[in-house]
Amino acid sequence: MAAVTPHSKPGDAAAAELPDTGAVGAPFVEGPCIRVRDVSVHYGGTPVLHNVSLDVAHDEALALIGASGSGKSTFLRCFNRMNDTIDDARVSGQIHIDDDNVHGRDMDVVALRARVGMVFQKPNPFPKSIYDNVAYGPRIHGLAGNRAELDDIVHQCLDRVGLLAEVKDRLEASGTSLSDGQQQRLCIARTLAVGPEVILMDEPCSALDPIATARIEDLIDALRERYAIVIVTHSMQQAARVSQRTAFFHQGQLIEVDETDRLFTNPSHRLTEDYITGRLG
Amino acid sequence: MFGLAAVLVGMLSLLVLFVTVVSQGVGAFRQTELMLPMDVTAAKVDPLGDGSRESLAAGDYDAVVREAVQRLLPGTTLRADRAALIGLVSVEAGFRLRDRVIAAPELVGQRVELWVPASDAVDLYVQGRVGRDTPVAARELNDQQFYWVDALAADARVARVFNTALIKNGDSRNPELAGVRAAFRGSLYMLAVMLVLAFPVGVAAAVYLEEFAPRNRWTDLIEINISNLAAVPSIVYGLLGLVVFINWLSLPRSAPLVGGLVLALLTLPVIIISARAAIKAVPVTLRDAALALGASRVQTVFGHVLPQALPGIITGAVIGFARALGETAPLLMIGMVAFIADIPRGPLDPSTALPVQVYQWAESPDPAFVARTAAAIIVLLTLLFTMNLLAVMLRRNFERRAG
């Protein structure tokens, strides 16, 4: 399916019978939730991501690591087509979520983004009440028939992120009045409320203190049972703690994908080793 | 250091401006009145003799007023003296007496003590702005008249009361009767027209250009032209209004509707530019949040971006409106610089505007108009400050709701 590009020369041929990805390790899994094949992204004329191919399994957390500018955030934004909002971004290749082509002509972006939720680097609750923050998604997608159903969804989602006990007496308070960690959990609850299959997280803890970070990491671990999670992180400890598999990006190329334990203890590629030992990046 | 000095100089000039305007204008908010004992005889005020409304309306009330003054200041038999005597009282006195009698016909045949406005010359004397040491060429009253006023004052028949004419009347050749109401109404109508036209059109244009328009040569051209329009001298807009609205569309001259249209065009670029800046200032993370939840572009813009940008948009628009309300030049071209004595009843009636009224009174040679010019400036500034205050309050309100 994918042609070998001169940029992406694997160290050795680890995945011989599977499509040639250019990446070493184990990029593909049985019965994946998301199949990424040969995805490249250009901003204007500048290529920022070269021919990336990998799978994301159901009920796993895949960590994307790499230095700043390595293309991992750009890659993440391909899954829910957030790159559409950037005027001169051009995405080629194919991403399938449960056999639906993300970039297909018949793909409705609104429906796609309900299936693929996203949590951002900086907590960005709407300047509305806590209740309205969570209720916004179900409202625009018409997921609740009446107020009672909506109340149920809001309470459930707040409960799942462990926020309900903290805010249940002040659901009408502004979402921005919460602490940073609470705001980020509110954003996750807001994402859960539209009933996604996949949750994308773009450095969700980079603006948080260690305690709030630990809570989010626990949450990710719990959510993994029901959602495929792709998380971009700058912290290798975090990748090691929350993910089952890890993908390493370097200068717009996917270098290595493997079980998280193996990638951190026994990387196959020189660049991966250099990065995780701090000699690179 | 220099910055601080510049700020101080600015504050000082502002202070000087306010002090001059207020000290000059505050006198015009009070008007001298004289209490005259009027003999309302049926022979004078009821020519038909039937006491009907029509008959009372046709009465010769000026004669009653003349008589009253002469009674108060006896011993003036010379013709010239009589003329000087009646010069103390405003022409309004007869009208006020008439209104009083028509409202209460039982007064016919009685003596009524009535406060009536003094002439503007008396007003200036009572204020102390002219006196016996004023050169004769620069004053309307002679020493004899000063003496009469003093005599009336000694009799507690002179008082300064709130000048309702300034608030209730349109323009007049008689300073003591001239008011800013026609101009104020005209300005309000123009503000309403601007609010209805320039605000929605400007915001819609800004939203389109900022959020939906493709980036190409056409939109670049439009952007450059909006910036250019903001720099076009205001009198050119007046010329445009004359040609388009009055000559082509045959809208009435001197109408606040046309004035409002012209001022709307004038403020449109300002509103568009400030609204675009406000929209641009909305953090991209907010857009991302809405889009990532599956909100469409339209839902994102109208549900999140616009409410967040609204305080900034309103501030920009109010500044634009306030500037437009202070414009005189474009109104010159569409006939709104006119003597308007009647209060306009709608946006199509002939009208004028507050800054125009200031200009017209400032041109008047009558010294009593000096204070009235300053008073009109005070009214104009009060209107503009009120608008700005309203904008600040609206902004606070929106910001609090937006958290």
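The structure reproduced in this document is the subject of the present report.

Procedures and definitions
Residues numbered from 1 in each chain as written. Chains lettered and ligands numbered in written order. Predicted model: local features only at pLDDT ≥ 70, side-chain atom pairs only at ≥ 80, totals over all residues. Helix = DSSP H or I, 4+ residues; strand = E, 2+ residues; numbered from the N terminus. Rg over C-alpha atoms; globule rule 2.2 N^0.38 Å. Buried ≥ 20, exposed ≤ 12 C-beta atoms within 10 Å, placed from the backbone. Contact = placed C-beta atoms within 7 Å. Pairing = 2+ DSSP bridges. Nonpolar A, V, L, I, M, F, W, Y, C, P; charged D, E, K, R; others polar. Axes fitted to C-alpha atoms, helices over the stretch in contact; angles between N-to-C directions. Parallel < 35°, antiparallel > 145°, perpendicular 65-115°, else oblique. Expected span 1.5 Å × (residues − 1). Arc of directions from axis to C-beta. Left-handed = near helix turned anticlockwise from the far one by under 90°. Core = buried A, V, L, I, M, F, W, Y, C linked by C-beta atoms within 7 Å.

Scanning chain A for helices and strands turns up 10 helices and 11 strands. Relative to its length of 281 residues, chain A is compact, with a C-alpha radius of gyration of 19 Å against a globular reference of 19 Å. Per-residue burial over chain A gives 47% buried out of 281 residues. Of all intrachain contacts in chain A linking residues separated by at least 6 positions in sequence, the fraction that spans at least 24 positions is 67%.

With that out of the way, let us pick up the pairing of strand E5 (residues 89–97) of chain A. Moving residue by residue along a regular strand, the side chains alternate between the two faces of the sheet. Residue and element names in this part refer to chain A. Here strand E2 (residues 34–43) runs beside E5; their pairing, made up of eight bridges, is antiparallel. Each residue of the ladder has a partner; that of Ser40, found in E5, is Ser92. Counting the residues between successive antiparallel strands, the hairpin from E5 to strand E6 (residues 100–101) contains two residues, one of them, Asp98, with a positive phi of roughly 50 degrees.

Residue and element names in this part refer to chain A. Mapped onto the secondary structure, Ala189 falls in helix H6 (residues 180–192). For the pair formed by Ala189 and His155, sequence separation is 34 residues and the distance between their alpha carbons is 9.5 Å. Contact partners of Ala189, with chain neighbours within four places excluded, come to Val134, Cys157, Leu158, Arg160, Val161 and Leu163.

Another aspect to go through is unusual backbone geometry. Excluding glycine, most residues fall at negative phi; most peptide bonds, likewise, are trans. In this structure, Arg81 of chain A is a non-glycine residue whose phi angle is positive, near 55 degrees. Relative to the assigned elements, Arg81 of chain A resides in the loop between helix H1 (72–79) and E5. The phi angle at Ser250 of chain B is positive, at roughly 55 degrees, despite the residue not being glycine. Its location among the elements puts Ser250 of chain B in the loop between helix H12 (234–248) and helix H13 (256–280). Accessibility expressed as a C-beta count within 10 Å gives 7 for Ser250 of chain B, which makes it exposed.

If you look at the interface, chain A gives 23 residues, while chain B gives 16 residues. Put simply, the parts of the chain that give the side of chain A that touches chain B at least two residues each are helix H2 (109–115), strand E7 (116–119) and helix H3 (130–141) of chain A. If you tally residues by element for the side of chain A that touches chain B, the top one is H3 of chain A, at four residues. Looking at the side of chain A that touches chain B residue by residue, the class counts come to 10 nonpolar, nine polar and four charged.

Attention shifts here to the packing of helix H10 (residues 181–212) of chain B against helix H17 (residues 354–363) of chain B. Residue and element names in this part refer to chain B. For the pair H10 and H17, the least separation of the axes is 8 Å and the interaxial angle reads 150 degrees. Judged by the angle between their axes, H10 and H17 are roughly antiparallel. On H17, the residues that touch Ala183, Phe184 and Ser187 of H10 are Leu354, Val356 and Gln357. Split by residue class, the contact of H10 with H17 holds four nonpolar, two polar and no charged.

On to the sheet that holds strand E3 (residues 158–162) of chain B, then. Pairing between the strands of a sheet comes from backbone hydrogen bonds, and it takes one of two forms, parallel or antiparallel. Residue and element names in this part refer to chain B. Ordered in space as E2-E1-E3, the three strands form an open sheet in which the pairing is antiparallel. Two strands in the sheet have a free side with no partner beyond their single neighbour: strand E2 (111–117) and E3. Mean inter-strand twist for the sheet, computed between neighbouring axes without regard to direction, equals 40 degrees. Pairing analysis gives seven bridges linking strand E1 (residues 30–39) to E2, with the strands arranged antiparallel. Bridged to Asp39 within E2 is Arg111. Taken strand by strand, helix H7 (residues 120–127) contacts E1 and E3, and its axis lies near 120 degrees from that of E1.

A separate point is H1 of chain A. All names here are of chain A. Of all eight residues in H1, seven are buried, a share of seventy percent or more. Every buried residue of H1 is accounted for by Lys72, Thr74, Phe75, Leu76, Arg77, Cys78 and Phe79. At the exit of H1 stands Arg81, carrying a positive phi of roughly 55 degrees.

Residues and elements named next belong to chain A. Its 14 residues give helix H4 (residues 147–160) an end-to-end C-alpha distance of 20 Å, which sits within 8% of 20 Å, the value for a rise of 1.5 Å per residue. The set of residues buried in H4 consists of Ile153, Val154, Cys157 and Leu158. With its buried residues spanning 120 degrees around the axis, H4 presents them on a single face. Away from its buried face by more than 90 degrees, H4 exposes Ala148 and Glu149. Phi turns positive, to about 70 degrees, at Gly162, one or two residues after H4.

To continue, consider the packing of H12 of chain B against H13 of chain B. Residue and element names in this part refer to chain B. At a closest axis distance of 9 Å, the pairing of H12 and H13 adopts a crossing angle of 130 degrees. The angle between H12 and H13 falls in the class oblique. Seen from above, H12 lies across H13 with right-handed handedness. On H13, the residues that touch Ser234, Tyr237, Gly238, Leu240, Gly241, Phe245 and Ile246 of H12 are Val258, Leu261, Val262, Leu265 and Leu266. Taken together, the residues of the contact of H12 with H13 sort by class into nine nonpolar, three polar and no charged.

Val65, Met194, Leu354 and Ala376 of chain B are the most contacted members of the largest nonpolar core, which totals 96 residues. It is H13 of chain B that contributes the most residues to this core, 14 residues altogether. Excluding anything up to four places from it in sequence, Leu354 of chain B contacts Val180, Ala183, Phe184, Ser187, Ala376, Val379, Leu380 and Leu383 of chain B. Counting 83 residues, the second largest nonpolar core, distinct from the first, contains Val36, Phe75, Val167 and Leu271 of chain A.

These results come straight from atomic positions and should not be treated as a statement about function.
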